[in-house]
Amino acid sequence: MELKKVQTDKAPAAIGPYSQAICVNGMVYTSGQIPLDPTSGELVGSDVTAQAEQVMKNLKGVLEAAGASLDSVVKTTCFLADMADFAAFNKVYEGYMTQKPARSCVAVRELPKSVLVEVEAVAVIG
């Protein structure tokens, strides 16, 4: 089994000892994407709507670099800093995830860099 690391400048560089994504057996497993600008590394947005938009753009960039797309996503895991942001997050999410993949969405105590949202995905390549 060969693991292929994904690296793209269309999403922020990893801020720890991990890859943006790993491809194996025709699937891509992304690391969680947070709302950082890929070029500057700076936080984008102060509310969940703006942050979710950047997260989804970053996720799209990683998936495309792996040979997948938002339409080939089969599962996402979404992390919110506050479940009160659930409806606002869903409004952004549904604009990107038109195929309605399986999903888990949980509130967590804190996210990296104190962001409001993080999303990871599993997708089929090709």
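Residues numbered from 1 in each chain as written. Predicted model: local features only at pLDDT ≥ 70, side-chain atom pairs only at ≥ 80, totals over all residues. Heavy atoms only, no water.

Draft legend 1. A look at the packing of aromatic side chains. A full pass over the atoms with the stated rule returns one aromatic pair. Note on F89 and Y93: the rings are 5.5 Å apart at their centroids and 45° apart in plane angle, and the pair reads as tilted. Highlighted residues: F89 and Y93, both in helix α2 (residues 86–96), separated by four residues, approximately one helical turn. Y93 matches F89 in its accessibility class, with the two residues each being buried. A cation over a ring is seen here: R103 above Y93, with NZ or CZ 4.7 Å from the ring centre. (Phe/Tyr/Trp six-rings, centres within 6.5 Å; stacked < 30°, edge-to-face > 60°. Helix = DSSP H or I, 4+ residues; strand = E, 2+ residues; numbered from the N terminus. Buried < 20%, exposed > 50% of the residue type's maximum accessible area, 1.4 Å probe, protein only. Lys NZ or Arg CZ within 6 Å of the ring centre and 35° of its normal.)

Draft legend 2. Structural view of the pairing of strand β6 (residues 117–124). Taken across its eight residues, β6 has six buried, putting it largely inside the fold. Taken together, the seven bridges between strand β4 (residues 73–80) and β6 define a ladder with antiparallel strand orientation. What sits directly across from C78, in β6, is V119. (Pairing = 2+ DSSP bridges.)

Draft legend 3. Quick look at the pairing of strand β5 (residues 102–107). Alignment of β4 against β5, held across six bridges, turns out to be parallel. Bridge pairing links L80 to A107 in β5. Read from β4 through α2 to β5, the crossover connection turns out right-handed. (Right-handed = clockwise from strand over helix to strand, strands pointing away.)

Draft legend 4. Main features of the environment of V6. Relative to the assigned elements, V6 resides in strand β1 (residues 4–6). For V6, a relative accessible area of 3% puts it in the buried group. A sequence separation of 14 residues divides V6 from Q20, and the C-alpha atoms of the two residues are 5.9 Å apart. With near-sequence residues (within four places) excluded, V6 lies in contact with Q20, A21, C23, V62, A65 and A66. (Contact = heavy atoms within 4.5 Å.)

Draft legend 5. Expanded view of the nonpolar core. Counting residues in hydrophobic clusters, the biggest one holds 28 residues, and the most contacted among them are V28, M56, L59, L63, F89, V117 and V119. Only β2 (21–24), α1 (48–65), β4, α2 and β6 provide two or more residues apiece to this core. Counting residues in each nonpolar core, the second largest holds five residues, with I34, L36, F79 and V115 among its members. (Core = buried A, V, L, I, M, F, W, Y, C linked by side-chain atoms within 4.5 Å.)

Draft legend 6. Structural detail: the sheet that holds β4. Here six strands make up an open sheet; going across it, the order is β1-β2-β3-β6-β4-β5 and the pairing mixed. In this open sheet, the two edge strands, each paired with only one partner strand, are β1 and β5. Shown here is a sheet whose adjacent strand axes are inclined to one another by a mean of 15°, direction ignored. Inspection of the sheet shows β2 paired to strand β3 (residues 27–30) by four bridges, in the antiparallel sense. Paired with A21 across the bridge in β3 is T30. The strands touched by α1 are β1, β2, β3, β4 and β6; relative to β6, the strand with the most contacts, the crossing angle is about 30°. The sheet contacts of α2 involve β4, β5 and β6, and relative to β5 the element is tilted by about 150°. (Axes fitted to C-alpha atoms, helices over the stretch in contact; angles between N-to-C directions.)

Draft legend 7. Molecular detail of the environment of Q51. If you trace the backbone, Q51 turns up in helix α1. For Q51, a relative accessible area of 2% translates into the label buried. Here the alpha-carbon distance between Q51 and Q33, two residues 18 residues apart in the chain, equals 10 Å. Once you skip the residues sitting within four places of it in the chain, Q51 turns out to touch P35, L43, V44, G45, S46, V115, L116 and V117. A distance of 3.1 Å separates the side chain of Q51 from the backbone oxygen of G45, its partner in a polar contact. (Polar contact = N/O pair within 3.5 Å; in protein donor to acceptor, adjacent residues only side chain to side chain.)

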